Amino acid sequence: MTLRRVDLAGTAPDFQDVAEIYTIGNALDWQLDASAALDIEARLRSYGFDQHAVRMEVYVQAREILSLFESLLNGAQVRRLLLIKEFNALRHSARRAPNRGAHRTALLRGGEREQSFDR
C-alpha cells in the first residue's frame, strides 16, 4: 500500500494498470532482493515514509484481515455451539421417547397381570 501511494501518485488514469503491475513487481523485489530493498526504502524515505510508517501500514492491514478472520471464527463457533445444542436436544429426546413407551408397555402389561390375577 505504501508503494502504491508513491508509485501511483500522479499517474494518468490510462496508465494505472501498468503502474499497478510495476508496483507489485517492486513489492516482490523489496521482499526478495536486498539491493532493490535498499533502493525502494531510500525512495520511500524521500516521500517521508520511514520503517515505522511502513510497519504501521502493515499493522493496519493485518488488523483488518485479522478482524475478518475473527468474525468468521466467531460465526463458526456460534454455529458449532448451536449444532451441539441441537444434537444434545435430539439425543435427550431420543433417550426419553423409548423409555416412555417401554414404561407404558410395562404398565399395561402389569395391569393385564393384575386383571388376570383378579379373574
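Quick caveat: nothing in here was measured; it's all calculated off a predicted structure.

Moving on, we come to the nonpolar core. Core analysis: the largest hydrophobic core is formed by 6 residues, namely L3, V6, I40, L44, F49 and V54. Secondary structure elements with two or more residues in this core: α1 (2-7) and α3 (34-46). Those residues in contact with V54 that sit more than four places away from it in its chain are T2, W30 and L44.

Moving on to the packing of helix α2 (residues 16-32) against α3. Across the interface, α2 lies against α3 with an axial gap of 6 Å and an inter-helix angle of 120°. Here α2 lies oblique to α3, going by the angle between them. Of the two possible hands of crossing, α2 and α3 adopt the one that is left-handed. Taking contact as the criterion, the partners of Y22, N26, D29, W30 and L32 in α2 are, on α3, A34, A36, A37, I40, E41, R43 and L44.

This brings us to α3. Between the first and last C-alpha of α3 there are 19 Å, a value that for 13 residues agrees with the 18 Å anticipated at 1.5 Å per step. Within α3, the full set of buried residues consists of A36, A37, I40 and L44. Buried residues of α3 fall within an arc of 100° about the axis and therefore sit on the same side. In α3, the exposed residues that point more than 90 degrees away from the buried face are A34, L38, D39, R45 and S46. Positive backbone phi, at 90°, marks G48, one or two positions downstream of α3.

Look at α2: 24 Å from first C-alpha to last across 17 residues, which is about the 24 Å you get at 1.5 Å a residue. Regarding α2, the residues found buried are A19, T23 and N26. Summarising the axial view, the buried residues of α2 lie within an arc of 60°, below the 170-degree limit, and thus occupy one face. Opposite the buried face of α2, at more than 90 degrees from it, the exposed residues are D17, V18, I21, Q31 and L32.

Time to look at the confidence of the model for the protein. On average, residues of the protein score 79 in pLDDT, and 81% of them reach the 70 mark or higher. By mean pLDDT, the top-scoring element of the protein is α3 (85), and the lowest-scoring one is α1 (76). Taken as a whole, residues 113-119 scores under 50 in pLDDT and shows 0 contacts with residues more than four places along the chain or in a different chain.

Parameters and conventions
Residues numbered from 1 in each chain as written. Predicted model: local features only at pLDDT ≥ 70, side-chain atom pairs only at ≥ 80, totals over all residues. Heavy atoms only, no water. Core = buried A, V, L, I, M, F, W, Y, C linked by side-chain atoms within 4.5 Å. Buried < 20%, exposed > 50% of the residue type's maximum accessible area, 1.4 Å probe, protein only. Helix = DSSP H or I, 4+ residues; strand = E, 2+ residues; numbered from the N terminus. Contact = heavy atoms within 4.5 Å. Axes fitted to C-alpha atoms, helices over the stretch in contact; angles between N-to-C directions. Parallel < 35°, antiparallel > 145°, perpendicular 65-115°, else oblique. Left-handed = near helix turned anticlockwise from the far one by under 90°. Expected span 1.5 Å × (residues − 1). Arc of directions from axis to C-beta. pLDDT = per-residue confidence, 0-100.

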